[in-house]
Amino acid sequence: MGFVATFAAVVLAATLPATASPIAGLHFLVGSWKCTYRAGAVRLPYDATYAYDRDGHTFRQTASFTGGGSEELVAYDAQRRGWTAVVLDDQGTATILRAPGSDPNHIAYRSVYPDASIATTFDRISATEYTQHATVHSGGKTIASVDTCLRAAR
């Protein structure tokens, strides 16, 4: 009887559809966005483009602004039940951030490399808008910023 129950469980599990990775929930971002970074009196417009990479297992953002840009890869680690983002910028700086949870509409990251000085939260507002609120501790100062992004015309 135990063999039959085990066999039935294996067959049933094989026929159930695989659960989609939370990274699939970022699909609304695919395409081009017009963004504005604001921190105090500083205002910096930039363009962001999103696409899936590595056969849909990671998500890539390329950002460009006057004088520079950055690239970010986002992945979801099912075993750790959390997100990892790796950001590379034009100055050669690399930052690694991690966030617990699986909600692709609200991701609260903390930097783990090169230090823990950055906290940033991604929030989906709608299919055509998202925000990122960040706090960076650097040189004895704390900088709070907000990026607001709107889908670019197609």
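Treat the numbers as computed from the prediction; the structure is a model and nothing was measured.

> Even after reading the chapter, I still don't get the side chain of Thr 131, so can you show me in this structure?
Within the secondary structure, Thr 131 sits in strand 9 (residues 129–138). Contact partners of Thr 131, with chain neighbours within four places excluded, come to Thr 121, Phe 122, Asp 123, Ile 125, Asp 147 and Thr 148.

> Got a minute to help me understand the packing of aromatic side chains in this structure?
For any pair of aromatic rings, geometry is given as the distance between the ring centres together with the angle between the planes. Inspection of the entire model under this criterion finds eight aromatic pairs. Look at Tyr 50 and Tyr 130: their rings are 6.0 Å apart centre to centre, the planes differ by 80 degrees, and that puts the pair in the edge-to-face class. Of this pair, Tyr 50 sits in strand 2 (residues 42–53) while Tyr 130 sits in strand 9, and the two are 80 residues apart along the sequence. Overall, the relative accessible area of 8% leaves Tyr 50 in the buried class. Residue Tyr 130 is classed as buried on the basis of its relative accessible area of 0%. The interplanar angle of 70 degrees and the centroid separation of 5.1 Å between the aromatic rings of Tyr 76 and Trp 83 together place this pair among those described as edge-to-face. Take Tyr 76 and Trp 83: they sit in the same class, and that class is buried. In textbook terms, an aromatic cluster arises when at least three aromatic residues are bridged by ring pairs, as seen for Phe 28, Trp 33, Tyr 50, Tyr 52, Phe 59, Phe 122 and Tyr 130. Between the NZ or CZ atom of Arg 124 and the centre of the ring of Phe 28, over which it lies, the distance is 3.9 Å.

The rules we used
- Residues numbered from 1 in each chain as written.
- Predicted model: local features only at pLDDT ≥ 70, side-chain atom pairs only at ≥ 80, totals over all residues.
- Heavy atoms only, no water.
- Helix = DSSP H or I, 4+ residues; strand = E, 2+ residues; numbered from the N terminus.
- Contact = heavy atoms within 4.5 Å.
- Phe/Tyr/Trp six-rings, centres within 6.5 Å; stacked < 30°, edge-to-face > 60°.
- Buried < 20%, exposed > 50% of the residue type's maximum accessible area, 1.4 Å probe, protein only.
- Lys NZ or Arg CZ within 6 Å of the ring centre and 35° of its normal.

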